[in-house]
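Next come the chains, spelled out residue by residue.
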Amino acid sequence: MPLPPDPSFVEEKKAVRVPPGLESLSPAARRLLRLYHGGSFVFLGLLWLLVGIPSLWALRADLLRLWQHFTWTGLRYALFYRPSWPTFGLLLCVSFTVGILVTQSRYELFGLYPFERQMLEQQSRWILSLPAWHPLRRWLVCTLDPR
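Parameters at a glance
- Residues numbered from 1 in each chain as written.
- Predicted model: local features only at pLDDT ≥ 70, side-chain atom pairs only at ≥ 80, totals over all residues.
- Heavy atoms only, no water.
- Helix = DSSP H or I, 4+ residues; strand = E, 2+ residues; numbered from the N terminus.
- Buried < 20%, exposed > 50% of the residue type's maximum accessible area, 1.4 Å probe, protein only.
- Contact = heavy atoms within 4.5 Å.
- Areas by Shrake-Rupley, 256 points an atom, 1.4 Å probe, with all protein chains shown as cover.
- Core = buried A, V, L, I, M, F, W, Y, C linked by side-chain atoms within 4.5 Å.
- Salt bridge = Lys/Arg side-chain N within 4 Å of Asp/Glu carboxyl O.
- Phe/Tyr/Trp six-rings, centres within 6.5 Å; stacked < 30°, edge-to-face > 60°.

Draft legend 1. Examining the overall build of the protein more closely. Counting secondary structure elements, the protein contains seven helices and zero strands. When the helices and strands of the protein are listed from N to C terminus, the series reads α-α-α-α-α-α-α. Expressed as a percentage of the 147 residues in the protein, the buried residues total 27%. Considering only contacts in the protein between residues 6 or more positions apart, those separated by 24 or more positions represent 71%. Summed over its atoms, the accessible surface of the protein is roughly 11,100 Å², and 70% of this surface lies on carbon and sulfur atoms.

Right, here's the structure in full:
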């Protein structure tokens, strides 16, 4: 007859997986890390809205031609042999997207490096030393002190 499962083991399975190295951070540093991650995605969204969409719109004739008859030569011609501001804008958006996604994947898989943890702790201490009316301090403290 099988034994019933250990309740502590069941609770461990339900627990949210914390990336390595994050459990040693203070609550203020964790909150600051969430701010950095959220801010990077907000920045990426604004970049695509302000630069990426107008770049795609300016390249619509070349993209339509590529949609109908795709060749790698046509892509190379449209993007690299006729460089223009829309090409640079599109490459900027794509490169920032890839960079942020690679950084987020590295963080989720391997956690923070020790110098990143140290930097977050230093910055959170610096923000907490700011005057009480400062928006960053209000945001950081307001979420840490439940009232």
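Having seen the structure, we can now continue with the description.
Draft legend 2. Just the nonpolar core, in detail. Counting residues in hydrophobic clusters, the biggest one holds twelve residues: Leu22, Leu25, Ala28, Ala29, Leu32, Leu33, Tyr107, Leu112, Leu120, Ile127, Leu130 and Leu140. At the level of elements, helix 2 (27–58) and helix 6 (114–128) are the ones that each hand at least two residues to this core. Leave out the neighbours within four places in its chain, and isoleucine 127 touches Leu32, Leu136, Arg137 and Leu140.

Draft legend 3. Representation of the pattern of salt bridges. If you walk through the whole model with that rule in mind, you get two salt bridges. Arginine 106 is paired through a salt bridge with glutamate 116; the nearest N and O atoms lie 3.0 Å apart. On the criterion of sequence distance, the pair formed by arginine 106 in helix 5 (residues 85–110) and glutamate 116 in helix 6 is long-range, its members being ten residues apart. The buried category is assigned to arginine 106, whose relative accessible area is 18%. Residue classification places glutamate 116 among the buried positions, given a relative accessible area of 17%.

Draft legend 4. A look at the packing of aromatic side chains. Overall, the coordinates contain four aromatic pairs when judged by the stated rule. For the pair tyrosine 113 and phenylalanine 115, a centre-to-centre distance of 5.8 Å together with 15° between the ring planes defines the contact as stacked. When its relative accessible area of 56% is taken as the criterion, phenylalanine 115 is described as exposed.

No statement about biological role is implied by the geometric values presented.
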